[in-house]
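If you want the building blocks of each chain, they are given just below.
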Amino acid sequence: MAYPPVLALRGISKRFGGVHALVDVELQIRAGEVVALVGDNGAGKSTLVRAISGVGPADKGIIEWEGRLVQIKRPHDAQALGIATVYQDLAMCDNLDVVGNLFLGREIHRIGILDELEMERRARELMRTLSIRIPDVRMPVSALSAGQRQAVAISRSLMATPKVLLLDEPTAALGVEQTSHLLDLVEELRDHGLAVLLISHNMGDIKAVADRVAVLRLGRNNGLFDVNTTSQERIISSITGAADNAVAHRTTRDEEAWP
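Residues numbered from 1 in each chain as written. Predicted model: local features only at pLDDT ≥ 70, side-chain atom pairs only at ≥ 80, totals over all residues. Heavy atoms only, no water.

Undergrad: An account of the sheet that holds strand β2 (residues 19-30) is needed here, citing residue identities and associated values.
TA: Pairing within the open sheet is antiparallel, and its four strands lie in the order β2-β1-β4-β5. The sheet is open, and its two borders are formed by β2 and β5 (68-70), each paired with just one other strand. For this sheet the average axis-to-axis angle between neighbouring strands, irrespective of direction, equals 25°. Pairing of strand β1 (residues 5-16) with β2 involves eight bridges; the strand directions are antiparallel. Within the sheet, the bridge partner assigned to Ala8 lies in β2 and is Gln28. Contacting β1 and β2, helix α1 (residues 45-53) crosses the sheet at an angle of about 120° to β1. (Pairing = 2+ DSSP bridges. Helix = DSSP H or I, 4+ residues; strand = E, 2+ residues; numbered from the N terminus. Axes fitted to C-alpha atoms, helices over the stretch in contact; angles between N-to-C directions. Contact = heavy atoms within 4.5 Å.)

Undergrad: Mind laying out the confidence of the model for the protein, listing which residues take part and the relevant values?
TA: Per-residue pLDDT for the protein averages 89, and the proportion of residues at 70 or more is 93%. Low confidence marks residues 246-259, where pLDDT is under 50. Its contacts with residues over four positions away, or in another chain, come to zero contacts. (pLDDT = per-residue confidence, 0-100.)

Undergrad: Please set out helix α5 (residues 146-157) residue by residue, giving values where relevant.
TA: Taking 1.5 Å as the rise per residue, α5 with twelve residues should run 16 Å; its terminal C-alpha atoms sit 17 Å apart, in good agreement. Burial runs high along α5: ten of the twelve residues are buried. Taken together, the buried positions of α5 are Gly147, Arg149, Gln150, Ala151, Val152, Ala153, Ile154, Ser155, Arg156 and Ser157. Against β6 (83-86), α3 (98-102), α4 (116-129), β9 (164-168) and α6 (176-191) lie the buried residues of α5. (Expected span 1.5 Å × (residues − 1). Buried < 20%, exposed > 50% of the residue type's maximum accessible area, 1.4 Å probe, protein only.)

Undergrad: Quick one: what's the story with the pattern of salt bridges, residue by residue and with numbers?
TA: Oppositely charged side chains may form a pair once their charged atoms are brought near each other. A full pass over the atoms with the stated rule returns 17 salt bridges. Of the charged contacts in the structure, one is a salt bridge between Arg212 and Glu33, with a shortest N-O distance of 2.6 Å. With Arg212 in strand β11 (residues 212-217) and Glu33 in strand β3 (residues 33-38), the pair connects residues that are 179 residues apart, well separated along the chain. What makes Arg212 buried here is its relative accessible area of 15%. (Salt bridge = Lys/Arg side-chain N within 4 Å of Asp/Glu carboxyl O.)

See the structure below:
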């Protein structure tokens, strides 16, 4: 059964001076689905993520949230809808422990005093629910591995119970084993009903967890593919423009042969 889109973008465009970063981009994400957003450098991936997260609002276009029109003009708008974003830099506080990072800005108080025991209990429960391997939630984040830090950053984004999660190159700085654990976490989130938009250059990661692949090229849609039925070569051709060049070459050749 195909669920209706949680988030739907139609005709999203963004300019920076004379540069068209996004031109009439369309994208849909459904609950319990991982959509990979791919494209070469300068394709518009980060610009689209900023438009969805409210950091860099689109100049024009339509955004639908659960079937109704909405506007995302600032990060608070996206967060209020249920959109969470984990950027590459993670924005973690290295001097705080895992609990402190998870509850930063949303601390639990009891009679005007921080309820450390309750925050620790909830942190442990969240780690257990998501099968995240952290030796001790009271460890400072600076002592964690890159993969563990990424997992904590994702967990923090889930504290507000979002419906859509944007992951910007989550495995870029991870080793093989850490990447495997993180991809397991992405699958866990999908199984919990989240809609996940995964920005990645790694075709292995995409093949492992994504259901569909949306390709951007030069700020425009250049293909939407089912991961299970589309070859890796076809997706890469769409990313690089090789397929476009082949079509153009055939068209020119046909025109030259035309009497």
